[in-house]
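# An overview of the molecular structure
Given next are the chains, with one letter for each unit.
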2 protein chains.
Amino acid sequence: MSWTLGPEDLPDLARGAALLGTGGGGDPHVGRLMVQEAMREHGPVAVLDPDEVDDDAFVIPTAMMGAPTVMVEKIPRGDEAVTALRTLERLLGRRATATMPIECGGINSMIPLVVAARSGLPVVDADGMGRAFPELQMETFGVYGVPGSPMVVSGDHGETVTIDTGPDNIRMEWLARGATIRMGGAALIAEYAMSGADVKRTAIPRTLSLGLSLGRAIREAREQLRDPVSALAEALSTTIYTHLRVLFAGKVADVERRTVDGFARGRARFTSFDGTSTLRTQFQNETLIAEVDGEVAAIVPDLICVLEAESAEPITTEGLRYGQRVVVVGISTPPIMRTPEALAVFGPACFGLAEEFRPVEVVSEYHGSDRGTHSRPA
Amino acid sequence: MSWTLGPEDLPDLARGAALLGTGGGGDPHVGRLMVQEAMREHGPVAVLDPDEVDDDAFVIPTAMMGAPTVMVEKIPRGDEAVTALRTLERLLGRRATATMPIECGGINSMIPLVVAARSGLPVVDADGMGRAFPELQMETFGVYGVPGSPMVVSGDHGETVTIDTGPDNIRMEWLARGATIRMGGAALIAEYAMSGADVKRTAIPRTLSLGLSLGRAIREAREQLRDPVSALAEALSTTIYTHLRVLFAGKVADVERRTVDGFARGRARFTSFDGTSTLRTQFQNETLIAEVDGEVAAIVPDLICVLEAESAEPITTEGLRYGQRVVVVGISTPPIMRTPEALAVFGPACFGLAEEFRPVEVVSEYHGSDRGTHSRPA
């Protein structure tokens with residue numbers, strides 16, 4: 001069912017998208033300001049359920065690309081993503097009938113809404129990452145045969161770089177990353193142009209709705225003085241994401257973070273409130289692995305989300321500060337993201353991790369109502 | 001007058017192009033092998049005098065881009081420049097009627113011949129640098145109003161990157177350099193697509209012929225046991241380059257050379273045979289300045305050429321070795337390259353040099369037949 005997304009939905013969507021960003025994805029609140037501005041001028045946005053997209057529709061996904069550490073400081077002018085989409089349309093000789101997120105986590109939940117508001121196009125309620133990932137080949141679109149090329153990178157001086165690497169999405173990412181770095185560390189893109197039939201076959205459905213409902217679940221739990229993490233678990237249980245596990249509760253003990261080769265890379269260490277237990281995470285923009293006392297508790301592509309302990313507000317890797325009180329949760333990804341083809345593109349080995357993928361709902365125990373944490377009243 | 005260029009012309013052209021490379025431009029001998037191979041398969045190449053190009057002709061210049069230090073090791077597959085030209089044709093919706101060098105010095109004297117042989121297009125006897133320069137905005141085409149964009153960079157995996165920066169050729173260079181670095185440090189390009197009328201207005205005429213005649217002058221002088229530097233001076237005197245000055249003779253004392261940001265940058269020091277005099281040069285791919293005992297003897301855009309002392313064989317910056325016996329000459333550039341507009345794009349300040357441009361024929365004395373050197377019998 002198609003629906004309308006207006007400015008009143010943006011705070012919940014931003015919170016949910018921050019959660020799905022798993023620590024990366026760029027700050028959705030920066031994107032929220034861009035959407036608000038675009039909606040003020042052009043009105044709300046029509047959202048298409050993927051089941052209702054015509055098979056012969058022509059969908060051009062749009063996004064921002066760059067290191068999150070740069071993206072929070074280098075706010076786009078606003079029309080760059082539309083320029084990217086229009087340049088790709090001209091090259092392909094066909095007008096888009098809709099845009100779509102490539103990534104439902106972080107700022108890229110918002111960029112297609114900016115494009116939709118400014119261009120009058122609807123946005124499809126689906127994406128290609130089902131969370132946030134750091135690289136452009138890490139999309140189910142590509143996993144299931146849609147080439148990312150040709151793609152367009154657009155900068156804030158009106159310049160465009162069009163990249164065509166045929167079926168090689170890794171080389172596309174490599175060249176687009178280079179262009180983005182030379183454009184100042186962040187740029188807007190249009191890529192993976194596809195038919196409506198391809199959307200239905202390759203995209204992760206209803207992830208815009210998911211972000212909105214997760215953000216709303218956290219807010220409503222706070223308003224009703226209920227436990228927001230339990231509310232999140234409930235909201236997820238009826239979706240294709242299904243399982244939430246509390247992995248850890250404690251304080252930030254150490255963060256090591258560098259912007260390298262256009263990515264925010266690093267590690268974080270957390271200590272339990274009683275000091276007996278340690279969580280270590282590694283990230284490349286997004287959190288990739290969580291190890292509790294040396295045992296893997298969750299690993300990419302499952303979601304690892306660091307939340308502010310009392311409010312369950314998602315914390316990005318660039319927002320981690322010494323002494324912050326946090327609860328860390330793992331969320332299962334849908335089956336389309338756990339196939340051998342998918343794990344070959346965004347499984348642990350793709351990030352240089354030696355550990356094999358094991359589902360979070362198998363690896364980490366369900367602790368029931370006490371959520372296995374030390375951070376909250378039982 | 002149009003003429004045909006065949007494999008028998010290539011050794012002379014390579015030698016002349018190495019001279020016009022002023023130490024950079026990439027090794028023309030690598031390009032020569034590529035042209036030989038293409039001519040063996042497809043035959044010789046038609047060369048068009050610029051005066052005979054129709055005003056409404058459509059000329060797409062082609063070239064290689066990258067650090068010379070990389071280009072000598074990373075030999076192209078051969079069809080990349082044709083791919084760049086064809087991609088630009090498709091984007092612009094128009095077939096090229098000819099190709100043209102952007103640069104008559106170094107390997108880029110040869111690349112358009114590869115394109116011409118493989119595509120059957122003629123090549124225009126003109127270029128946009130009148131020598132070699134390290135950056136793409138440093139072309140008389142751009143100085144006199146032809147935009148470099150859109151341009152195409154093509155790599156050896158069949159990938160293309162199309163860059164459009166509107167009228168901003170410096171930003172175009174910045175983005176193309178980034179793409180070239182990500183393609184392994186060297187790539188093939190098509191840029192500055194223009195009409196025949198623009199060729200006549202903005203290009204430096206007959207620089208392919210010039211390279212050929214200078215290479216021939218050196219060879220014939222050697223064969224006839226005449227002084228090749230005097231022969232060069234004679235050959236230049238009837239061209240728009242006009243003046244040759246011998247700046248120094250001596251030995252290579254020290255070379256400092258790094259590949260930085262996609263360029264070969266460094267300095268060299270030479271000592272006269274009697275040890276009383278010192279020449280210092282600086283280069284960014286090409287030699288930029290020559291100072292004899294602290295006084296500027298020649299400066300960019302005039303040509304500074306380091307030649308092997310006995311044979312007058314041009315030596316590239318990457319070919320400089322301790323102890324080599326050399327003679328260093330300065331050659332005046334044509335008036336089209338010395339206007340205020342031209343000096344604003346490739347004058348000394350554009351390379352971070354504090355010294356002002358002064359013509360080599362004014363700065364350096366003419367020494368007559370003894371050529372002011374210590375390296376040869378008077």
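Source: prediction; values computed, not measured.

## What about helix α4 (residues 80–92) of chain A?
Residues and elements named next belong to chain A.
- Taking 1.5 Å per residue, 13 residues should reach 18 Å; α4 reaches 18 Å between its end C-alpha atoms and fits that length.
- Among the residues of α4, Glu80, Ala81, Val82, Ala84, Leu85, Thr87, Leu88 and Glu89 are the ones counted as buried.
- Residue Gly93 follows α4 closely and has a positive phi angle near 65°.

## Re the nonpolar core
- Judged by nonpolar contacts, the single largest core of 130 residues is most densely connected at Val153 of chain A together with Val153 of chain B.
- Ignoring sequence-local partners within four residues, the contact set of Val153 of chain A consists of Glu159, Thr160, Val161, Ile163, Ala176, Ala179, Thr180, Met183, Ala187, Leu188 and Ile189 of chain A.

## Side note on the UniProt feature "domain: S-Me-THD-like C-terminal" (unreviewed entry) in chain A
- The residues that UniProt annotates with the feature "domain: S-Me-THD-like C-terminal" (unreviewed entry) are residues 168–360 of chain A.
- Split by type, residues 168–360 of chain A is 29% helix and 35% strand. Its first and last C-alpha atoms lie 31 Å apart.

## Thoughts on the interface of chain A and chain B
- Facing 19 residues of chain A, the contacting portion of chain B comprises 19 residues.
- With both chains or domains summed, chain A and chain B bury close to 1600 Å², and 57% of this area falls on carbon and sulfur atoms.
- On the chain A side of the interface with chain B, the three residues burying the most area are Arg171, Leu175 and Arg182 of chain A, jointly 41% of the side's total.
- Between the two partners, chain A and chain B, sit two salt bridges.
- Residue Glu159 of chain A pairs with Arg171 of chain B through a salt bridge whose shortest N-O separation is 4.0 Å.
- Along the contact surface separating chain A from chain B lie seven residue pairs in polar contact (both at pLDDT 80 or more).
- Of all the elements in the fold, those that place two or more residues in the side of chain A that touches chain B are β8 (160–164) and α7 (169–182) of chain A.
- Element by element, the count of residues in the side of chain A that touches chain B is highest for α7 of chain A, at eight residues.
- Its residues placed into classes, the side of chain A that touches chain B shows eight nonpolar, six polar and five charged.
- With five bridges joining them, β8 of chain A and strand β8 (residues 160–164) of chain B adopt antiparallel strand pairing. Opposite Asp164 of chain A, over in β8 of chain B, you have Thr160 of chain B as the bridge partner.

## Side note on helix α7 (residues 169–182) of chain B
Residues and elements named next belong to chain B.
- The terminal C-alpha atoms of α7 lie 20 Å apart, and with 14 residues this matches the ideal 20 Å at 1.5 Å per residue to within 8%.
- Within α7, 10 of the 14 residues are buried, leaving the element largely enclosed by the surrounding structure.
- Buried within α7 are the following residues: Asn169, Met172, Glu173, Leu175, Ala176, Arg177, Gly178, Ala179, Thr180 and Arg182.
- With a side-chain oxygen positioned 3.2 Å from the backbone nitrogen of Ile170, the residue opening α7 is Asp168.
- Directly after α7, the chain includes Gly184, whose backbone phi takes a positive value near 110°.

Criteria and cut-off values
Residues numbered from 1 in each chain as written. Chains lettered and ligands numbered in written order. Predicted model: local features only at pLDDT ≥ 70, side-chain atom pairs only at ≥ 80, totals over all residues. Heavy atoms only, no water. Helix = DSSP H or I, 4+ residues; strand = E, 2+ residues; numbered from the N terminus. Expected span 1.5 Å × (residues − 1). Buried < 20%, exposed > 50% of the residue type's maximum accessible area, 1.4 Å probe, protein only. Core = buried A, V, L, I, M, F, W, Y, C linked by side-chain atoms within 4.5 Å. Contact = heavy atoms within 4.5 Å. UniProt positions renumbered as here; feature names shortened; annotations may be inferred. Buried area = accessible area lost by both parts, 1.4 Å probe. Salt bridge = Lys/Arg side-chain N within 4 Å of Asp/Glu carboxyl O. Polar contact = N/O pair within 3.5 Å; in protein donor to acceptor, adjacent residues only side chain to side chain. Nonpolar A, V, L, I, M, F, W, Y, C, P; charged D, E, K, R; others polar. Pairing = 2+ DSSP bridges.

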